[in-house]
Amino acid sequence: MYENGSMGKNANTPFWLLVQEIDGDSWKISSNFQLKCKEIALQLGIDLVVEGDVLFMSLVPLVNNMEDAVVADMVEQIQLVHEKLVAK
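Residues numbered from 1 in each chain as written. Predicted model: local features only at pLDDT ≥ 70, side-chain atom pairs only at ≥ 80, totals over all residues. Heavy atoms only, no water.

Can you tell me about the overall build of the protein, naming the residues and giving the values?
Within the protein, the regular secondary structure consists of two helices and seven strands. What you see in the protein, going N to C, is helices and strands ordered as β-β-β-β-β-α-β-β-α. Here the protein holds 88 residues, and 25% of them are scored as buried. Carbon and sulfur atoms make up 53% of the accessible area of the protein, which totals about 6100 Å². (Helix = DSSP H or I, 4+ residues; strand = E, 2+ residues; numbered from the N terminus. Buried < 20%, exposed > 50% of the residue type's maximum accessible area, 1.4 Å probe, protein only. Areas by Shrake-Rupley, 256 points an atom, 1.4 Å probe, with all protein chains shown as cover.)

Can you break down helix 1 (residues 31–44) residue by residue, with the values?
When the terminal C-alpha atoms of helix 1 are compared, their 20 Å separation across 14 residues agrees well with the 20 Å that a helix rising 1.5 Å per residue should span. Along helix 1, the residues classified as buried are F33, C37, I40 and A41. Axial view of helix 1: buried residues confined to an arc of 100 degrees, hence all on one face. Pointing more than 90 degrees away from the buried face of helix 1 are the exposed residues S31, N32, L42 and Q43. Those residues of helix 1 that are buried are in contact with strand 3 (15–19), strand 4 (21–23), strand 6 (48–51), strand 7 (54–59) and helix 2 (67–86). One or two positions beyond helix 1, positive phi appears at G45, with a value near 70 degrees. (Expected span 1.5 Å × (residues − 1). Arc of directions from axis to C-beta. Contact = heavy atoms within 4.5 Å.)

Describe in detail unusual backbone geometry, supporting the description with residues and values.
Residues other than glycine seldom take positive phi values, yet N64 does so here, at roughly 55 degrees. Following the sequence through the fold, N64 ends up in the loop between strand 7 and helix 2. Of the residues examined, N64 reaches a relative accessible area of 46% and is grouped as partly exposed.

With reference to specific residues and values, describe the side chain of E21.
You can see E21 is positioned in strand 4. No salt bridge is formed by the buried E21. Its closest oppositely charged neighbour is K28, at 4.5 Å. Polar contacts involving the side chain of E21 include one to the side chain of S30, which spans 2.7 Å. Ignoring any residue separated from it by four or fewer positions in sequence, one finds E21 in contact with S26, W27, K28, I29, S30 and F33. (Lys, Arg positive; Asp, Glu negative; His and termini not counted. Salt bridge = Lys/Arg side-chain N within 4 Å of Asp/Glu carboxyl O. Polar contact = N/O pair within 3.5 Å; in protein donor to acceptor, adjacent residues only side chain to side chain.)

Here it is in structure tokens:
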């Protein structure tokens, strides 16, 4: 919810980031990848939802901030998840 150009107080619904790994030409979720995602979710204190062959991680938006700050923070959250996924 946006109020006067800033994120409103009622923005407690997360955005959901779909997470999968690629194997050649297809997308998949191996048990190792799923375990790694669970560990990352625990480290970051975010929710992880598994629906069939798809994983979703919750990204929580800032509240009471201007849209550009909310978007910048969401980008940082995505980058952090990505960095942890590609780390060995």
